[in-house]
Amino acid sequence: MSLLIVGTVAFDQIETPFGKTERIVGGSAPYIALAAAQFIDEINLVSVIGSDFPDDFIQMMEQRGIRNEGLQVIENGKSFFWSGRYHHDMNTRDTLVTDLNVLDGFDPVIPDSYQSSQYVMLGNLTPDVQMKVIQRLRSRPKLVVMDTMNYWMKPPFREGLDEVMAKVDVVAINDSEARLYTEEYSLVRAARKILDKGPQYVVLKKGENGALLFHEDQVFFAPALPLEEVFDPTGAGDTFAGGFLGYLAKTENLSFDNLKRAVIYGSAMASFCVEKFGTDRLVEVTREEVENRVSDFIDLVQFDIDLVEE
Ligand code: AMP
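The residue numbers shown here count from 1 along each chain, following its written sequence. With pLDDT at 70 or above as the cut-off, local features in this predicted model cover only qualifying residues; side-chain atom pairs require 80 or more to be listed or tallied, and sums for whole chains, interfaces and linings still use all residues. Side-chain measures here rest on the full set of heavy atoms in the structure, leaving out hydrogens and waters.

1. Digging into the site of the ligand
- Only a single heavy atom is needed: when it lies within 4 Å of a molecule or strand, its residue is near that molecule or strand. In the vicinity of the ligand lie 15 residues, with Asp12, Gly27, Arg93, Gly235 and Asp238 positioned nearest.
- Polar contact is the term for a pair of N or O atoms within 3.5 Å; when the atoms are in protein, one must be able to donate a hydrogen and the other to accept it, and sequence-neighboring residues count only if both atoms are side-chain atoms. Backbone polar atom of Gly27 to an oxygen atom of the ligand: 2.7 Å apart, as the coordinates give it.
- Within the backbone of Gly235, a nitrogen or oxygen atom sits 2.7 Å from an oxygen atom of the ligand.
- For the ligand, the protein covers 86% of the area, taking 510 Å² as the surface of the free molecule.
- Comment: elements are numbered from the N terminus, with helices defined as DSSP H or I runs of at least four residues and strands as E runs of at least two. At the level of secondary structure, the elements contributing two or more residues to the shell around the ligand comprise strand E2 (10-16), strand E7 (80-86) and helix H7 (236-251).
- Classifying every residue of the shell around the ligand gives 5 nonpolar, 7 polar and 3 charged. Accessible surface area values rest on a Shrake-Rupley calculation with a 1.4 Å probe, where residue burial reflects the displayed protein chains alone. Gly is placed with the polar residues, together with every amino acid not listed as nonpolar (Ala, Val, Leu, Ile, Met, Phe, Trp, Tyr, Cys and Pro) or charged (Asp, Glu, Lys and Arg).

2. Looking at the environment of Arg281
- Looking at the secondary structure, you find Arg281 in helix H9 (residues 280-284).
- Every residue pair with non-hydrogen atoms within 4.5 Å of one another is taken to be in contact. The contact partners of Arg281, leaving out residues within four places of it in the chain, are Phe272, Glu275, Lys276 and Glu289.
- Within the local environment of Arg281, its side chain forms a polar contact with the side chain of Glu275, the two groups lying 2.8 Å apart.

3. Some details on the layout of surface pockets
- Here a cavity is any set of points on a 1 Å grid over the protein atoms alone where a 1.4 Å probe fits but cannot get out, and a pocket is any open set with protein on both sides within 12 Å along at least 5 of 7 lines; a residue lines the site when it has an atom within 4 Å of a point. Grid points are joined across faces, edges and corners, and a volume is the space filled by probe spheres set on the points. Of the pockets and cavities examined, the second largest pocket occupies roughly 180 Å³.
- Phe220, Phe221, Pro223, Arg261, Ile264, Tyr265, Val294, Phe297, Ile298, Val301 and Gln302 together form the lining of the second largest pocket.
- Breaking the lining of the second largest pocket down by element, the ones donating at least two residues are strand E14 (218-222), helix H8 (256-273) and helix H10 (287-301).
- Among the elements that take part in the lining of the second largest pocket, H10 stands out by supplying 4 residues, more than any other.
- Classifying every residue of the lining of the second largest pocket by side-chain character gives 9 nonpolar, 1 polar and 1 charged.

4. Side note on the sheet that holds strand E9 (residues 119-122)
- When DSSP finds two or more bridges between two strands, those strands count as paired. The mixed open sheet is built from 9 strands, whose spatial order is E6-E5-E1-E9-E10-E11-E12-E13-E14. Across the chains shown, the open sheet's two edge strands, defined by having one partner strand only, are strand E6 (66-74) and E14. Across the sheet, the axes of successive neighbouring strands diverge by a mean angle of 15°, strand direction being ignored.
- Pairing geometry for strand E11 (residues 170-174) and strand E12 (residues 201-205), over 5 bridges, is parallel. Bridging from a neighbouring strand, Val171 pairs with Val202 of E12.
- With axes taken as lines fitted to C-alpha atoms, and helix axes fitted only over the stretch in contact, angles between N-to-C directions fall between 0 and 180 degrees. In the packing of helix H1 (residues 28-36) onto the sheet, contacts are made with strand E1 (3-6), strand E5 (43-50), E6 and E9, and the angle to E1 comes to roughly 160°.

By themselves, these figures tell us nothing about what the structure is for.
Here it is, written out as structure tokens:
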């Protein structure tokens, strides 16, 4: 089963209480793709980079089945650059720099060889680019998942975001973004309002507090694994999405029960992402480690209880 991913391929500079990086590879797409590559071997990447982007990273992704026919390279262009600094709790961060560079005016092209992709991840980008990807797919995929951010929730982008939400199957966003978008503090109410826009499912990511999955009147909660060391949370949300979709594409089962399992696999992948700076941990993690971590999740939440009788 193949997965199409559109997102940023970027340089990031990250500062956490544990240190500061130089310019390292980041962007939503590498996190999504590397997480999904744990489950499937045909991943179709749509993005744009400048000629400053390292070839060896593209080759490393290619070796993992991440195809780059839809990756535009702008000669003499500079790749998207983002820099952020985390607060001490690591759940909040300030954006220091966003240089769009080649992302400015990005027009996503879907190569013919990508047209049969049955699963689609619309990473955080302008709603306009996300909509173009949907419109340029000649047949309706089995499942389309989208991410977004606070910036697109305000005019003049808000209307376009509403239109994309109405076209996708799953909206996966942060709790704070859901609150901002719906003006509801209660996450249950926020999820209901998003479901009313059209998607079948809403995943609300709560950082170190786990994730909630909503569908009709059903709710599922997955905790985040309590980790001894959280080094760099950048890309954890994207990694979650990649693990979630990679698992669904591999198992090809879109029942609510299987989406619950996908949330656990997404959470397991995200727990690796934060252990090192950038994509470093995702690049080295093995299938065995992933399965062991899913077992840790099962142990974390499983308990026997006898209800106290009156
Ligand atoms: P996350 O931590 O899941 O929000 O994802 C972080 C990644 O998103 C970083 O690697 C950035 O390069 C990328 N990013 C940051 N700002 C933007 C933006 N405005 N549009 C698209 N991608 C972004």
